[in-house]
Amino acid sequence: MPSLRAPWRPRRRPPTEPNRRFALGERAVADLVAPAAIAESRAQIAIDANAARILALTDYPRHVSPNWIGRLIDFDEPLDLSLHLEPLDSGDVVRSLTHRMVELQSSRMLDAKGGRIASVEREVAYEDVERLRDALERGDERVFSTGLYLGLHGRTTGELDDAAARIEGVLGGMMAGARPALYEMLPGLLSCLPAGQDHLRRRRNLDTSSVATMIPFGSSHLAVARGLLYGENVHNHSLVIFDPFSADQENANKVVFAKSGAGKSYACKVEALRALLLGIEYLVIDPEDEYGRICEAVGGQMIRLSGTSAHHINPFDLPATTDDEGRDPLAERVLALQGLLALMLAEPGASLGPRERGALDAALYETYRDAGITEERATHGRPPPVLGDLLAVLRASDEPYGLADRLARYVGGSLGHVFSERTSASLDRPFVVFNIRDLEEELRPVATYLIADHVWREVTRDPRPRVLLIDEAWSLMRYPEGARFLGEMARRARKRWLGVTTVTQDVQDFLGSAAGHTVLANSSVQLLMRQDSSTVGIVEETFGLSRGEREFLLGCSKGEGLFLARGNHIALRVEASPLEHALSTTSPEFLATLSNPETNSGVDAP
Ligand SMILES: Nc1ncnc2c1ncn2[C@@H]1O[C@H](COP(=O)(O)OP(=O)(O)O)[C@@H](O)[C@H]1O
Ligand SMILES: [Mg+2]
């Protein structure tokens, strides 16, 4: 047993007789704070009139959320909580893990030889050991010898029993367990003093990630010097500040999952308003027609795409500014137009044949030539042609594939309108909304392509920090083109200083699709808001949530959620200022007060 020298009694040199007599009359700090007497017994230690009992944590919970120890800290009786951490040498640990792996492997081989079925537990153990060993070798993790002791206080044995029973209840609720340090109450007490000495040495080996979950507040705290305020930490009220474009993030993409009405769009709008202040620009695909007020307030551009609206995007537009790199903007445009036309003219799910494409290629160049635009850069500033001009060229060329007839409905007929006129919107504002609520179902794939094409043209032309916000993304992803668009965007965004935010309530469908997987795999940040029982399972599994986090997502209120970034899981609440709220809410009651000056909410029109 280690020496039990009490830390409050400094060792002195043997005093001479006169000094000793003098010292008897001296008073040291220790004399003032030390108890008059302590008496150690089997399961408690009496300190003056009080008693203490020391418990050591012996069973650690299998599933933990950050700061699970907080439940002990919040225990409503005085409690000493003492956490001892001692890093172990990774080399030694790797050696003993390797040894363990050899043992497991040989019993595996024995079983195989004897024709016995592999034991599941052993397979899991083997994987665990292997994973830990790899992490240690890479230096991602370390192993800590960890001791956690609880000091309970009471006046009587009865009180101590009572407190011990209740703390065991709390621990039991977390699937953990503690035992009293029987016959070792004094070493236990010393281990609970803020002296950093562990005399009990009831240790468990834990890796860094597990230890991190025990540091109170530590891992549930996320704040950087420069960034966006995402909300307030529900547990400790610290601010969650995060820079989506920070260099140590793999990408600036984000997914937002929650059931309808949980506050997804609201959170994104509040974020957008704050991001704009930092000079981050926004492109929004808005299928619900709810970004209009923000757009107006920040001087953005709203582009309504529908068969009857006045807004058009002309796919023939050439990039406004030309950059070097020896690229051929006209050829790139013709390629993009080929993609669009394939969507318009081919049978659903099919593509155009090589002859048809050849004919289109010639017709496209001719259409540009008729407008005076050639490979010559100087001609690119001239007014571009429109889809109608292409139709005229096709008709004149009497191609045998009936391309002209198929194109006609996009030029004249009811579908025409949207794509067959000069671009009527200025697309270089810091906030551009593509409102597709009223867009005919039939036109959505084409419109998606067009928007994607436009966004990509913008981000390649002039890289700036931008966010492409796709609200209710599933309404796009149902179409193969939409899914492809989104997957591509998420994969390639980082190089173009673009962050793609994907919002959806159709978690199941989203995660079931290949494009959804691509988007998720390329998203550094996830915001999970309220779920219901039908979606919580898949969310829990996909994001490796703890039981506590699962319960939180089932029970949290509007505007609350889990923010997952950089390995942190933070329960946060989105809080908006009155002005932000006025611009972001879709609550009909609130909107009624806005339009009625008598009951104006007091928020000045921005
Ligand atoms: N953090 C919040 N604070 C206050 N109200 C909120 C908050 N989040 C959502 N709401 C209210 O709930 C409504 C629905 O939220 P919304 O973001 O549109 O849900 P959805 O998840 O379906 O996009 C909003 O119009 C707003 O009034
Ligand atoms: Mg919404």
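For the structure itself, look to the data block above.
This text gives an overview of the structure that appears in the document. Since the model is a prediction, treat every value here as computed from it, not as a measurement. (Residues numbered from 1 in each chain as written. Chains lettered and ligands numbered in written order. Predicted model: local features only at pLDDT ≥ 70, side-chain atom pairs only at ≥ 80, totals over all residues. Heavy atoms only, no water.)

This next bit is on the overall build of the chain. The helix and strand inventory of the chain stands at 23 helices and 18 strands. Compactness check: the chain gives a C-alpha radius of gyration of 34 Å against a globular reference of 25 Å for 606 residues, more than 25% above the reference. Considering only C-alpha atoms, the chain reaches an extent of 120 × 80 × 45 Å along its principal axes. Residues classed as buried in the chain amount to 47% of the 606 residues present. Taking the 68 positively charged and 85 negatively charged side chains of the chain as two groups, their mean positions are separated by 6 Å. (Helix = DSSP H or I, 4+ residues; strand = E, 2+ residues; numbered from the N terminus. Rg over C-alpha atoms; globule rule 2.2 N^0.38 Å. Buried < 20%, exposed > 50% of the residue type's maximum accessible area, 1.4 Å probe, protein only. Lys, Arg positive; Asp, Glu negative; His and termini not counted. Charge placed at Lys NZ, Arg CZ, Asp CG, Glu CD.)

It is worth spelling out helix α20 (residues 533–543) at this point. All of the buried residues in α20 are Thr 535, Val 536, Val 539, Glu 540 and Phe 543. Angular distribution of buried residues about the axis of α20 spans 135 degrees; they occupy a single face of the element. Away from its buried face by more than 90 degrees, α20 exposes Ser 534 and Glu 541. Taken from the residues just after α20, Gly 544 is the one with a positive phi, measuring 60 degrees. (Arc of directions from axis to C-beta.)

Looking now at the sheet that holds strand β14 (residues 466–470). The strand order β9-β8-β18-β17-β16-β10-β15-β14-β11-β13-β12 describes an open sheet built from 11 strands, whose pairing is mixed. Looking at which strands have only one partner, the edges of the open sheet turn out to be β9 (239–242) and β12 (301–304). Averaged over all adjacent pairs, the angle separating strand axes in this sheet is 25 degrees, with direction ignored. One ladder, built from 5 bridges, connects strand β16 (residues 525–529) with strand β17 (residues 560–565); its direction is antiparallel. Bridged to Met 529 within β17 is Gly 561. Its contacts with the sheet place helix α9 (residues 264–277) against β8 (228–233), β10 (254–257), β11 (281–286), β13 (431–435), β14, β15 (498–504) and β16, and it is angled at close to 135 degrees to β8. (Pairing = 2+ DSSP bridges. Axes fitted to C-alpha atoms, helices over the stretch in contact; angles between N-to-C directions. Contact = heavy atoms within 4.5 Å.)

The values are spatial; any link to function lies outside them.
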